[in-house]
There are 2 protein chains.
Amino acid sequence: MQETIENQNETSGNQNKISENQNGTSGNQNENFENQNGTFENMKILKSLKYDKNGLIPAIIQDVKTGKVLMFAFMNEESLKLTYETKYTHFWSRSRQKLWKKGETSGHVQKVEEIRVDCDRDAVLILVEQTGGACHTGYESCFYETVTGEVKEEKVFDPNDVY
Amino acid sequence: MQETIENQNETSGNQNKISENQNGTSGNQNENFENQNGTFENMKILKSLKYDKNGLIPAIIQDVKTGKVLMFAFMNEESLKLTYETKYTHFWSRSRQKLWKKGETSGHVQKVEEIRVDCDRDAVLILVEQTGGACHTGYESCFYETVTGEVKEEKVFDPNDVY
């Protein structure tokens, strides 16, 4: 995230080089690397991300077609790796201390189209194709309400039908 | 943020009622409340937000016209209050332990058009009109690069001219 200019220039010299051995944890991973090209570059940037002291990084999920911000959640390294490899978003639940796949209960999965990193490598923006709605309340986006209490969206599904 | 369905329904019964006295900390604040209508509702939602154990809440900044996600940062209650009252974004710098106004050095301020809260009231989405670019590197958005190292934007200013 952007804090102040004084704190911004720490990343570029600090990216670890990744040996080939570290790419080889699963066949699925290798396959996706090949599909996306730039295997080494992918790993270099993924490995350069800064997780907080709890091992988490903020993830903003945006609809690739509408530009709507759908939700916000935290990822740990494992969930980001799964998101990258499977091309479906996975997150880390702090309250349950558990990895979860978005849509595992509802079917409202998020297909990953692109993963962006921010300038100082401590947040990610994930562009997705959303099936159904992102919010458990039935709205497309979790940010359906303004601070003045105005609801800005229509419901796209009935939570009683889904959960 | 959205974690799992089990953790979503804690907010609605938990909003403190705010006495009139609590609205009266500054003349400026009262003025803005009047301008925005729904004084009590505004305070009720603002007061219902869940900050983490460090007193911070994630804030996503989005361009109101283009839908582009410009940056991500944390706010504490004071910076969110200032953002709400002054209609310019303010954040909390964790590294400097200091409140800062976006654009205070560069002039690249963010005029607040709308503040959204998420379904479980632990993240905010702020729609802004961005002057210049949001990123200190010269790009409009801090999320100018993909995880494969592809730069997706043109620079909109030269950082050497600004900082």
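Use the structure listed above.
A closer look at the overall build of chain A
Here's step 1: The number of helices and strands found in chain A is four helices and seven strands.
Here's step 2: Seen in sequence order, chain A has helices and strands lined up from the N terminus as α-α-β-β-α-β-β-β-β-β-α.
Here's step 3: When burial is assessed residue by residue, chain A has 53% of its 163 residues classed as buried.
Here's step 4: Of the contacts formed within chain A by residues at least 6 apart in sequence, a portion of 45% connects residues at least 24 apart.
Here's step 5: Carbon together with sulfur atoms contributes 41% to the accessible area of chain A, which is approximately 7300 Å² in total.

Some remarks on the relation of the copies chain A and chain B
Here's step 1: Taken as rigid bodies, chain A and chain B are interconverted by a rotation of 180 degrees and an axial shift of 0.0 Å, the fit giving an RMSD of 0.0 Å. Here the symmetry operator amounts to a two-fold rotation axis. Taking C-alpha positions as the reference, the residue of chain A nearest the rotation axis is Gly67 of chain A, at 2.7 Å.
Here's step 2: In this assembly the copies share their binding face: 100% of the residues contributing to the interface of chain A also contribute to that of chain B.

Quick notes on the environment of Thr131 of chain A
Here's step 1: One can find Thr131 of chain A in the loop between strand 6 (124-130) and strand 7 (145-146).
Here's step 2: When its relative accessible area of 38% is taken as the criterion, Thr131 of chain A is described as partly exposed.

Let's talk about the interface of chain A and chain B
Where interface size is given, it is often the accessible area lost as the parts come together that is meant.
Here's step 1: At the junction of the two partners, chain A supplies 56 residues and chain B supplies 56 residues.
Here's step 2: Taken together, chain A and chain B are joined by four salt bridges.
Here's step 3: One can count 14 residue pairs in polar contact (both at pLDDT 80 or more) joining chain A with chain B.
Here's step 4: The set of elements that each furnish at least two residues to the side of chain A that touches chain B consists of helix 2 (39-48), strand 1 (56-63), strand 2 (69-76), strand 3 (90-93), strand 5 (110-117), strand 6 and strand 7 of chain A.
Here's step 5: Considering only residue class, the side of chain A that touches chain B consists of 27 nonpolar, 16 polar and 13 charged.
Here's step 6: Pairing of strand 7 of chain A with strand 5 (residues 110-117) of chain B, which is carried by two bridges, proceeds in the antiparallel orientation.

Details of the sheet that holds strand 5 of chain B
Here's step 1: The strand order across the open sheet built from five strands is 7(A)-5(B)-6(B)-1(B)-2(B), with neighbouring strands paired in mixed fashion. Since the sheet does not close on itself, it has two edges, and those belong to strand 7 of chain A together with strand 2 (69-76) of chain B, each with one partner.
Here's step 2: As judged from the seven bridges shared by strand 1 (residues 56-63) of chain B and strand 2 of chain B, these two strands associate in the antiparallel manner. Residue pairing across strands places Ile57 of chain B opposite Met75 of chain B, the latter belonging to strand 2 of chain B.

Describing the sheet that holds strand 5 of chain A
Here's step 1: Within the open sheet, the five strands sit side by side as 2(A)-1(A)-6(A)-5(A)-7(B). Their pairing is mixed. At either end of the open sheet lies a strand with only one pairing partner, and these are strand 2 of chain A together with strand 7 (145-146) of chain B.
Here's step 2: Of the strands in this sheet, strand 2, strand 5 and strand 6 of chain A are in contact with helix 3 (residues 77-86) of chain A, which crosses strand 2 of chain A at around 125 degrees.

Points about the pattern of salt bridges
Here's step 1: Applying the stated criterion to the full structure yields 16 salt bridges over all chains.
Here's step 2: Measuring nitrogen to oxygen at the nearest pair gives 3.4 Å for the salt bridge that ties Glu114 of chain A to Lys152 of chain B. Placement of the pair is Glu114 of chain A in strand 5 and Lys152 of chain B in the loop between strand 7 and helix 4 (159-162), with the two residues belonging to separate chains.
Here's step 3: Bridged by salt links that share partners, the residues Glu114 and Arg116 of chain A together with Glu150 and Lys152 of chain B form one connected network.

What about the pairing of strand 5 of chain A?
All names here are of chain A.
Here's step 1: Most of strand 5 is tucked away, with six of its eight residues classed as buried.
Here's step 2: Bridging between strand 5 and strand 6 involves seven bridges; their strand directions are antiparallel. Directly across from Val117, in strand 6, lies its bridge partner Val124.
Here's step 3: Between the antiparallel neighbours strand 5 and strand 6 lie six residues, among them Arg121 with a positive phi of about 60 degrees.

Rules behind the numbers
- Residues numbered from 1 in each chain as written.
- Chains lettered and ligands numbered in written order.
- Predicted model: local features only at pLDDT ≥ 70, side-chain atom pairs only at ≥ 80, totals over all residues.
- Heavy atoms only, no water.
- Helix = DSSP H or I, 4+ residues; strand = E, 2+ residues; numbered from the N terminus.
- Buried < 20%, exposed > 50% of the residue type's maximum accessible area, 1.4 Å probe, protein only.
- Contact = heavy atoms within 4.5 Å.
- Areas by Shrake-Rupley, 256 points an atom, 1.4 Å probe, with all protein chains shown as cover.
- Least-squares fit on C-alpha atoms with pLDDT ≥ 70 in both.
- Salt bridge = Lys/Arg side-chain N within 4 Å of Asp/Glu carboxyl O.
- Polar contact = N/O pair within 3.5 Å; in protein donor to acceptor, adjacent residues only side chain to side chain.
- Nonpolar A, V, L, I, M, F, W, Y, C, P; charged D, E, K, R; others polar.
- Pairing = 2+ DSSP bridges.
- Axes fitted to C-alpha atoms, helices over the stretch in contact; angles between N-to-C directions.

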